[in-house]
Amino acid sequence: MPVTLINVFSVPAATETEFVQWWQDVKAHITTQPGFMSGTFHKSLKPDSRFNYINVAIWENETLYWKAYEKSVTPMKEKLGALGVDMTPALYHVAFEY
């Protein structure tokens, strides 16, 4: 059953450009992982939003997501720490559509 990753980021204004450039590299790696189906990357329209960037990705299943996560989590957390970025990821199933 597909799962949706929703990962919210609080990115300091001073490191936004570097964060977005870095995310392009992350995206290139993630999209080649087994189980990755699609993704979108969002930027808040409101400059003072607490979570100014949001990544939404669809994975074939939770197991494949966690395998990809294990490969990338350590360097990802190190880079985010260096940029002063807070990240809060979570996996979801669709509860209902409307």
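This one's a predicted model, so the numbers in the text were calculated from it and none came from an experiment. (Residues numbered from 1 in each chain as written. Predicted model: local features only at pLDDT ≥ 70, side-chain atom pairs only at ≥ 80, totals over all residues. Heavy atoms only, no water.)

Undergrad: Which parts of the structure should I look at to understand the packing of aromatic side chains?
TA: Two aromatic rings are characterised by how far apart their centres lie and by the angle between their planes. Throughout the structure, instances matching the rule amount to 15 aromatic pairs. Centre to centre, the rings of W22 and W23 are 5.8 Å apart; their planes meet at 65°, and the pair counts as edge-to-face. W22 sits in the buried class, given a relative accessible area of 14%. Both rings, one in W59 and one in Y65, keep their centres 5.6 Å apart while their planes meet at 75°; by these two values the pair is edge-to-face. Through successive ring pairs, a cluster of aromatic residues spans F9, F19, W22, W23, F41 and Y53. (Phe/Tyr/Trp six-rings, centres within 6.5 Å; stacked < 30°, edge-to-face > 60°. Buried < 20%, exposed > 50% of the residue type's maximum accessible area, 1.4 Å probe, protein only.)

Undergrad: Got a minute to help me understand the nonpolar core in this structure?
TA: Where a protein is soluble and globular, its nonpolar side chains tend to be buried together. Among the nonpolar cores identified, the biggest contains 20 residues, and F9, F19, W59 and L80 are the most heavily contacted of them. Not counting chain neighbours up to four residues away, the residues in contact with L80 comprise F9, F19, W22, V85 and M87. (Core = buried A, V, L, I, M, F, W, Y, C linked by side-chain atoms within 4.5 Å. Contact = heavy atoms within 4.5 Å.)

Undergrad: Before we go on, may I ask you to explain the packing of helix 1 (residues 16-30) against helix 2 (residues 62-83) in this structure?
TA: The contact between helix 1 and helix 2 brings their axes to 11 Å, and the two run at 170°. Between helix 1 and helix 2, the interaxial angle falls into the category roughly antiparallel. Every residue of helix 2 that contacts helix 1 at E18, F19, W22, W23 and V26 is listed here: M76, K79, L80 and L83. Across the contact of helix 1 with helix 2, the residue classes tally to seven nonpolar, no polar and two charged. (Axes fitted to C-alpha atoms, helices over the stretch in contact; angles between N-to-C directions. Helix = DSSP H or I, 4+ residues; strand = E, 2+ residues; numbered from the N terminus. Parallel < 35°, antiparallel > 145°, perpendicular 65-115°, else oblique. Nonpolar A, V, L, I, M, F, W, Y, C, P; charged D, E, K, R; others polar.)

Undergrad: Any chance you could explain the sheet that holds strand 3 (residues 53-59) here in plain terms?
TA: Taken together, four strands build an open sheet; the order of strands is 2-3-1-4 and the sheet is antiparallel. Edge strands, defined here as strands with exactly one partner in the open sheet, are strand 2 (36-43) and strand 4 (86-92). Neighbouring strand axes in the sheet, compared pairwise and without regard to direction, differ in orientation by 15° on average. Relative to strand 4, strand 1 (residues 3-10) runs antiparallel, the two sharing seven bridges. In the sheet register, L5 faces strand 4, and the bridge partner there is L91. (Pairing = 2+ DSSP bridges.)

Undergrad: Honestly, the side chain of N52 in this entry has me stumped. Any pointers?
TA: For N52, the location among the structural elements is in the loop between strand 2 and strand 3. Among the residues examined, N52 registers a relative accessible area of 8% and is labelled buried. Within the local environment of N52, its side chain forms a polar contact with the backbone oxygen of V11, the two atoms lying 2.8 Å apart. Beyond its immediate sequence surroundings of up to four residues, N52 is in contact with F9, S10, V11, E16, H42, K43 and S44. (Polar contact = N/O pair within 3.5 Å; in protein donor to acceptor, adjacent residues only side chain to side chain.)

Undergrad: Looking at this structure, I do not really get the pattern of salt bridges. What am I missing?
TA: Opposite charge on two side chains makes pairing possible when the charged atoms of those side chains draw close. Taken as a whole, this structure holds two salt bridges when the rule is applied. Among the ionic pairs, E16 bridges to K43, the shortest N-O distance being 3.7 Å. Of the two residues, E16 sits in helix 1 while K43 sits in strand 2, which places them 27 residues apart along the sequence. Taking the relative accessible area as the measure of exposure, E16 reaches 18% and is therefore buried. Close ionic contact of E18 with K79 constitutes a salt bridge, the shortest N to O distance being 2.8 Å. In this pair, E18 sits in helix 1 while K79 sits in helix 2, placing the two residues 61 residues apart along the sequence. (Salt bridge = Lys/Arg side-chain N within 4 Å of Asp/Glu carboxyl O.)

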